[in-house]
Amino acid sequence: MESQPQPQPQPQPQPRRPRGFAATAAAAAASVSPTGAPSGSAGASTASSGKGKREREKEKERTKLRERHRRAITSRMLAGLRQYGNFPLPARADMNDVLAALAREAGWTVEPDGTTYRHSPPPQHQQHLGAFSVRSGESPLSATSLKNCSVKATLDCQQPVVRIDDSLSPASLDSVVIAERDTRSEKYPSTSPINSVECLEADQLIQDVHSTEHDNDFTGSQYVPVYVKLSTGVINNFCQLADPDDVRQELSHMNSLNVDGVIVDCWWGIVECWNPQKYVWSGYRELFNYIREFKMKIQVVMAFHEYGRTDSADVLISLPNWILEIGKENQDIFFTDREGRRTTEFLSWGIDKERVLNGRTGVEVYFDLMRSFRTEFDDLFAEGLISAVEIGLGPSGELRYPSFSERMGWRYPGIGEFQCYDKYLQQHLRKAAKLRGHSFWARGPDNAGHYNSRPHETGFFCERGDYDSYYGRFFLHWYAQALMDHADNVLSLANLAFEETKIIVKIPAVYWWYKTSSHAAELTAGYNNPTNQDGYSPVFEVCSYENDEAFADPEGLSWQVLNSAWDRGLKVAGENTLSCYDREGCLRIIETAKPRNDPDRRHFSFFVYQQPSPLVQGVICLPDLDYFIKCMHGDITGDLVPS
């Protein structure tokens, strides 16, 4: 008989070791016998209990140290992201905020509950402007538009359009904002471009622009109209057409290249040269008649600034003589630096509402000229020949202070100087300081260096300098707000003068020292754009050099302005500089004008082509220009420069 196998004893499961509060309770139970007497010796029990308590205290300290270490790492990460990446992280941000910000920059959508996913919004079909417009009766920069909105969120109240010098080469950045307000359209939140879900990655754009291997197939791409800027000397100082035959020949060449239109500067110093409110338009009438013959559009520039007072300029157009005569008696109508030196490039906006110009204020003088132009050329507006009007708002027609004037000795990459020392702006500063409750702040900074200083050489602009102190933030806010108030004052009247006409505003690209924390050159120009702030949002709301020492970043600035505008529903246009005519520069212009890696197919509304001299002189290779225009129109494929 076979023996039955004996069942093997099963291993007993080890009792689970209690932890936490359970361990404490178990230890207490084990130390007491069933009769209530201590088990073992009292000394052993006391020693064991003391040792366990010390271990627990040590573990608590180790946990605190680990947490402190993690917080220190998080703090350094947050500081770096804020300082070098312009991340708008909250003051008490944690790692969740960091991860969300990084995810959003990479193109992900991160919802408040942490849900994260890829999302590609449908293309926004925008009305093609061709130029830029302000709707009748709806000034994007009206007197109430800014006052009804905060400085940080005013853009919710309007939709400007932006013109950018877009070749991304160091010497070619120059941007323009065109303001259009449409209350029927969707409001756009004031968000940082870097944190926007709809932004492209900056590295992706730059890599695409710099790549030497381009498909260069622009057939069927978005149509970007091309305008050519006429030479400055086409109208002489007596408001006469300088050379009618050359002008006609030049216009004929432009027409043969299918140029969409021309840009014409109307100079205040020519039209109202000798006597106030005595306007002469005869030369411009003759020029516009020639342009009408070729059926091209016109964008007019109301040029209220001085032109050509440099050694290299061959044309000089000053402010009107009667203005200069007033300036001899009252030099405070001009911008003034800390040493009391005046610049006659543009009138100080300290007199925008001061009746010091033969009984008129600064904005009244500008308005009277604009109204005279609108009345004189009413027929051209009715025909639609004049498609847009650019309003000059500062030196070189740009909305900025004359902070880096070569006449004052400035040379790139100097930080420039604050221009707020005329008596009128000083009065405004004293009033602002008194309202702030600190009258002793009614002064400009005394440690901001000079025109050619570097940020690290000054106490105001250096790392952790006074620009970020309580006083520094007050002063920079006032300085920038004075600039925005000037834009608001002038453009609200421009809307009255040019009803139903598109309005253009030129914004400078001050890209040197962009990679420093203070952005010193932008601050002196009037753009409060240091790390953690978007100094260009207030502009939208009211409507490169090769020296590595300058920490210049034209691509970074271009990216900030482009996305700040596009994310707010603004239209964007571009303009080259006189040094941008090589193949690489033209390729960059086209790629930036209509980036093919943009899922929303956003593109420039038009492009302004500046020429160094009339096209008929042969300075520009006409076949290359013809090819460039066809690429912008989306009519051609192949290499940019034909063989």
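Note that the structure is a prediction, hence the values are computed from the model and not measured.

Cut-offs and rules
Residues numbered from 1 in each chain as written. Predicted model: local features only at pLDDT ≥ 70, side-chain atom pairs only at ≥ 80, totals over all residues. Heavy atoms only, no water. Buried < 20%, exposed > 50% of the residue type's maximum accessible area, 1.4 Å probe, protein only. Helix = DSSP H or I, 4+ residues; strand = E, 2+ residues; numbered from the N terminus. Pairing = 2+ DSSP bridges. Core = buried A, V, L, I, M, F, W, Y, C linked by side-chain atoms within 4.5 Å. Contact = heavy atoms within 4.5 Å. Phe/Tyr/Trp six-rings, centres within 6.5 Å; stacked < 30°, edge-to-face > 60°. Lys NZ or Arg CZ within 6 Å of the ring centre and 35° of its normal. Arc of directions from axis to C-beta. UniProt positions renumbered as here; feature names shortened; annotations may be inferred. Expected span 1.5 Å × (residues − 1). pLDDT = per-residue confidence, 0-100. Right-handed = clockwise from strand over helix to strand, strands pointing away. Salt bridge = Lys/Arg side-chain N within 4 Å of Asp/Glu carboxyl O. Axes fitted to C-alpha atoms, helices over the stretch in contact; angles between N-to-C directions. Parallel < 35°, antiparallel > 145°, perpendicular 65-115°, else oblique. Left-handed = near helix turned anticlockwise from the far one by under 90°. Nonpolar A, V, L, I, M, F, W, Y, C, P; charged D, E, K, R; others polar. Patch = residues over 30% accessible without salt bridge, like charges linked within 9 Å, V, L, I, M, F, W, Y side chains within 5 Å. Areas by Shrake-Rupley, 256 points an atom, 1.4 Å probe, with all protein chains shown as cover. Lys, Arg positive; Asp, Glu negative; His and termini not counted. Charge placed at Lys NZ, Arg CZ, Asp CG, Glu CD. Disulfide = S-S within 2.5 Å.

Enquirer: With reference to specific residues and values, describe the pairing of strand β9 (residues 342-347).
Expert: Summarising burial for β9: 5 of the 6 residues are buried, a large majority. By the bridge criterion, 3 bridges tie strand β8 (residues 334-336) to β9 in an arrangement that is antiparallel. Paired with F335 across the strands is T343, a residue of β9. What sits between the antiparallel neighbours β8 and β9 is a turn of 5 residues, in which G340 has the positive phi angle 85 degrees.

Enquirer: Outline the nonpolar core, listing residues and values.
Expert: With 137 residues, the main nonpolar core has Y284, F288, F373 and I391 as its most contacted residues. The biggest single contributor to this core is helix α13 (residues 470-497), with 14 residues. Excluding its chain neighbours within four sequence positions, the residues that come into contact with Y284 are I235, C239, V264, D265, C266, W267, V271 and F377. Grouped together as the second largest cluster of nonpolar side chains are 7 residues, L78, L81, F87 and L89 included.

Enquirer: Please give an account of the packing of aromatic side chains that cites residues and values.
Expert: Inspection of the entire model under this criterion finds 37 aromatic pairs. Note on F335 and Y401: the rings are 5.8 Å apart at their centroids and 70 degrees apart in plane angle, and the pair reads as edge-to-face. Of the two residues, F335 sits in strand β8 while Y401 sits in the loop between β10 (386-391) and α12 (423-436), which places them 66 residues apart along the sequence. Note on accessibility: F335 and Y401 belong to one class, buried. Sitting over the ring of Y471, R443 keeps its end group 4.2 Å from the ring centre. Across the ring face of Y470, the terminal group of R473 is positioned such that the distance to the ring centre comes to 5.0 Å.

Enquirer: Which residues make up the side chain of N528, and what are the values?
Expert: Here N528 shows up in the loop between α14 (520-525) and α15 (537-541). Those residues within four positions of N528 in sequence are excluded, and the remaining contacts are L476, H477, A480, L523, Q533, D534 and G535.

Enquirer: Now, about helix α9 (residues 321-329): what can you tell me, with residues and values included?
Expert: Given 3.6 residues to a turn, an α-helix orients residues that are three or four positions apart in the same direction. Of the positions making up α9, those classed as buried are W322, I323, I326 and G327. Taken around the axis of α9, the buried residues stretch over an arc of 150 degrees, which confines them to a single face. Contacts made by the buried residues of α9 are with α7 (268-271), β8, β9 and α10 (362-376).

Enquirer: I'd like to hear about the environment of D352, residue by residue, with values.
Expert: Here D352 lies in the loop between β9 and α10. We classify D352 as buried; its relative accessible area is 3%. Sequence spacing of D352 and D485 is 133 residues, and the spatial spacing of their C-alpha atoms is 9.5 Å. Non-local contacts of D352, meaning those with residues more than four positions away in its chain, are made with T361, G362, V363, Y366, H486 and N489.

Enquirer: Talk me through the UniProt feature "active site" (unreviewed entry) in the protein; I want residue IDs and the actual numbers.
Expert: Per the UniProt entry, the sites bearing "active site" (unreviewed entry) are E398 and E575 in this numbering. Tracing the backbone through its elements, the reader meets E398 in the loop between β10 and α12. Judged by its relative accessible area of 10%, E398 is buried. By secondary structure assignment, the location of E575 is in strand β12 (residues 571-575).

Enquirer: Lay out α12 in plain terms, naming residues and giving numbers.
Expert: Helix length check: α12 (14 residues) gives 20 Å between terminal C-alpha atoms against 20 Å at 1.5 Å per residue, within 8%. Looking at α12, one finds that the buried residues are Y424, L425, Q426, L429, A432 and A433. Close packing links the buried residues of α12 with β8 and α13.

Enquirer: Describe the environment of T501, naming the residues involved and giving the relevant values.
Expert: For T501, the location among the structural elements is in the loop between α13 and β11 (502-507). Residue T501 is classed as buried on the basis of its relative accessible area, which comes to 5%. Distance in space between the C-alpha atoms of T501 and G384 is 9.4 Å, their sequence separation being 117 residues.

Enquirer: Give a description of the confidence of the model for the protein that names residues and reports values.
Expert: In the predicted model, the protein carries a mean pLDDT of 73, and 65% of its residues have values of at least 70. Here helix α4 (residues 143-147) stands out as the least confident element of the protein, with mean pLDDT 32; β8 is the most confident, with 97. The low-confidence segment residues 615-620, where pLDDT is below 50, has 15 contacts with residues more than four positions distant or belonging to other chains. Considering only residues more than four positions removed or in separate chains, one finds that residues 638-643, a stretch of pLDDT under 50, has 16 contacts.

Enquirer: Can you explain the pairing of strand β5 (residues 226-229)? Please cite residues and give values.
Expert: Burial of the side chains of β5 extends over both faces: V226 and V228 are buried on one face and Y227 and K229 on the other. Looking at chain direction, β5 and strand β13 (residues 604-610) are connected through 4 bridges and run parallel. Considered in β13, the bridge of V228 is made with Y609. Relative to strand β6 (residues 261-267), β5 runs parallel, the two sharing 3 bridges. What sits directly across from K229, in β6, is I263. Following the backbone out of β5, through helix α6 (residues 244-256) and into the adjacent parallel β6, one traces a crossover that is right-handed.

Enquirer: An account of the pattern of salt bridges is requested, with residue identities and associated values reported.
Expert: This model, assessed by the stated rule, comprises 16 salt bridges. With its nearest N and O atoms 3.1 Å apart, the salt bridge here joins R285 to D379. One end of the pair, R285, is in helix α8 (residues 282-293); the other, D379, is in helix α11 (residues 378-383), with 94 residues separating them in the sequence. Relative accessible area serves as the criterion here: at 29%, D379 is assigned to the partly exposed category. Each of E272, R360, D368 and R371 takes part in one network of salt bridges that share partners.

Enquirer: I'd like a rundown of the packing of α6 against α8, residues and numbers included.
Expert: For the pair α6 and α8, interaxial distance at closest approach is 10 Å and the crossing angle is 30 degrees. Considering their axes alone, α6 and α8 lie roughly parallel with respect to each other. Seen from above, α6 lies across α8 with right-handed handedness. Residues P244, V247, R248 and L251 of α6 form the contact with α8, whose own contacting residues are E286, L287, Y290, I291 and E293. When the residues that make up the contact of α6 with α8 are grouped by side-chain class, the tally is 6 nonpolar, no polar and 3 charged.

Enquirer: Break down a positive patch on the surface for me, citing the residues and quoting the values.
Expert: Judged by side-chain charge, K53, R56, K60, K64 and R68 come together as a positively charged surface patch. Within the secondary structure, K60 is located in helix α2 (residues 42-85).

Enquirer: Go over the state of the cysteines, please, and point to the residues and values.
Expert: Summed over all chains, the structure comprises 0 disulfides. Cysteine C266 remains unbridged, with the sulfur of C239 as its closest cysteine sulfur at 8.2 Å.

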